[in-house]
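One-letter residues, chain by chain:
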Amino acid sequence: MKAIVQDGSGSADVLQLREIDKPVVTDGGVLVRVRAASVNALDWHSVHGGKMIQAVSALMRQPEQPVRGVDLAGHVEAVGAGVTCFTPGDEVFGGAPAAFAEYALAREGALVLKPQNLSFEQAAAVGVAGRTALQGLRDKAQVKPGQRVLISGAGGGVGTFAVQIAKALGARVTAVTSTRNLDLIRSLGPDEVIDYTQEDFTKRGERYDAVFDVAANRSVSDLRRVLTPTGTLVLVGADKRGGVAIFTRIGGAFVRSRLLRQRIVFYVAKATQADLIVLKELIEAGQLCPAIDRTYPLSEAAEAVRYVGSGQARAKVVLTM
């Protein structure tokens, strides 16, 4: 089968289209014929992170995986012993390692039946971005109906999900994005949209119960300034300088959170089937719709990862098989 294999690190040029063996179905496993796979910031950082990413993976005991990608949608090709939720031919979406390939092997608990009102491309976009937004707003910020929530970096993959999920949770939502993203973000239904190229949201005098920061381009002090005295700052995005800068930002936020009444939270989303089901239900209810900027064929995965890392991508970028 064809797959995108990472050979080295430093730039997207290390991503190569190669022929490799198709995964063998194991007990409890589901072999998926991949129809679409989404590109996440994680893929860009994995390509550019080099030894730093390798060290983090080793500490988390994650096996080294040369094939990129973790989000997919497709058809069930075969199931292993013990699998009861899926049968060959089912349309599914969710997560699997090595998703940038024609076939991927997933755990049964990492997949959910695809909503009928989504394309494969839209369904592939849900996994990491949707769960990150859901867990950050519902669990970390503990957003309640009527609260005021600001989404900084609303135009990206996680941000477009966050705007819609915050609304579904009953919040009054202010979305911060750039001029080129205004029409897209308005179409997602926030109560207010701020163009950060025209206005500095930290100087408006407004105060929010939660700030969900995907952009990672403002200091923690700036973001705290727009919180209520007991508000919550959720740090989602990674510092675009990568490497040590990512951990410096996290460490500084952790120290501040110990000293202040305001809560400052950093987290990594958990891959749970339960949250995939919640996202599916929101989609089927018409409260959530994945937004896609561009699609690329599998053979152009390097260009897709390069685009995601450029800072110009709006919403989600998806590979098609």
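Just so you know, these numbers come straight off a predicted model, no measurement behind them.

Reading the values: rules and limits
Residues numbered from 1 in each chain as written. Predicted model: local features only at pLDDT ≥ 70, side-chain atom pairs only at ≥ 80, totals over all residues. Heavy atoms only, no water. Helix = DSSP H or I, 4+ residues; strand = E, 2+ residues; numbered from the N terminus. Buried < 20%, exposed > 50% of the residue type's maximum accessible area, 1.4 Å probe, protein only. Contact = heavy atoms within 4.5 Å. Areas by Shrake-Rupley, 256 points an atom, 1.4 Å probe, with all protein chains shown as cover. Pairing = 2+ DSSP bridges. Axes fitted to C-alpha atoms, helices over the stretch in contact; angles between N-to-C directions. Expected span 1.5 Å × (residues − 1). Salt bridge = Lys/Arg side-chain N within 4 Å of Asp/Glu carboxyl O. Parallel < 35°, antiparallel > 145°, perpendicular 65-115°, else oblique. Nonpolar A, V, L, I, M, F, W, Y, C, P; charged D, E, K, R; others polar. pLDDT = per-residue confidence, 0-100.

1. Brief notes about the overall build of the chain
Working step 1: When helices and strands are tallied, the chain shows 10 helices and 15 strands.
Working step 2: With 321 residues in all, the chain has 50% of them scored as buried.
Working step 3: Expressed as a percentage of contacts within the chain between residues at least 6 apart in sequence, the contacts between residues at least 24 apart total 66%.
Working step 4: Carbon and sulfur atoms provide 51% of the accessible area of the chain, an area that totals close to 14400 Å².

2. Quick notes on the sheet that holds strand β8 (residues 148-152)
Working step 1: Across the sheet, which stays open at both edges, the 6 strands sit in the order β10-β9-β8-β11-β12-β13 with parallel pairing between neighbours. Edge strands, defined here as strands with exactly one partner in the open sheet, are β10 (192-195) and β13 (263-266). When strand polarity is set aside, the average angle formed by the axes of neighbouring strands in this sheet is 15°.
Working step 2: Summarising the sheet, strand β9 (residues 172-177) and β10 pair through 4 bridges and their orientation is parallel. Paired with A175 across the bridge in β10 is V193.
Working step 3: In the packing of helix α4 (residues 127-140) onto the sheet, contacts are made with β8, β11 (208-213), β12 (227-235) and β13, and the angle to β11 comes to roughly 155°.

3. Quick look at α4
Working step 1: For α4, which comprises 14 residues, the first-to-last C-alpha distance of 18 Å matches the rise-based estimate of 20 Å (1.5 Å per residue) to within 8%.
Working step 2: Counting buried residues along α4, 10 of its 14 residues qualify, which places the element largely inside the surrounding structure.
Working step 3: Listed as buried for α4 are G127, A129, G130, R131, T132, A133, L134, Q135, G136 and L137.
Working step 4: Two residues or fewer past α4, Q142 is found with a positive phi of approximately 50°.

4. Some points on the pattern of salt bridges
Working step 1: Scanning the entire structure with this criterion turns up 17 salt bridges.
Working step 2: Among the salt bridges present, the one from R204 reaches E192, with a minimum N-O distance of 2.7 Å. Taken together, the residues R204 in the loop between β10 and β11 and E192 in strand β10 connect sequence positions 12 residues apart.
Working step 3: According to the relative accessible area criterion, E192 is partly exposed, its value standing at 24%.
Working step 4: A salt bridge links R218 to D222; the shortest N-O distance between them is 3.3 Å.
Working step 5: Owing to a relative accessible area of 15%, D222 belongs among the buried residues under this scheme.
Working step 6: Each member of the salt-bridge network shares a partner with another, and the members are D200, K203, R218, D222 and R225.

5. Concerning helix α10 (residues 301-309)
Working step 1: Every buried residue of α10 is accounted for by A301, A302, A304, V305 and Y307.
Working step 2: Downstream of α10 by a residue or two, G311 has a phi angle that is positive, lying close to 85°.

6. A few points about the packing of α4 against helix α9 (residues 273-284)
Working step 1: Running from amino to carboxyl end, α4 crosses α9 at an angle of 95°, the nearest separation of the two axes being 10 Å. By the angle between their directions, the pair α4 and α9 is classed as roughly perpendicular. Between α4 and α9, the contacting residues are G127, G130, R131, L134, Q135 and R138 on the first element and D275, L276, V278 and L279 on the second.
Working step 2: Split by residue class, the contact of α4 with α9 holds 4 nonpolar, 3 polar and 3 charged.

7. Describing the confidence of the model for the chain
Working step 1: Of the residues in the chain, 88% reach a pLDDT of 70 or more, and the chain-wide mean stands at 91.
Working step 2: Within the model, the stretch residues 55-61 combines pLDDT values under 50 with 2 contacts to residues more than four positions away or in other chains.

8. Considering the side chain of T160
Working step 1: Among the secondary structure elements, T160 is positioned in helix α5 (residues 157-168).
Working step 2: Ignoring any residue separated from it by four or fewer positions in sequence, one finds T160 in contact with A154, G155, L184, I185, L188 and A315.

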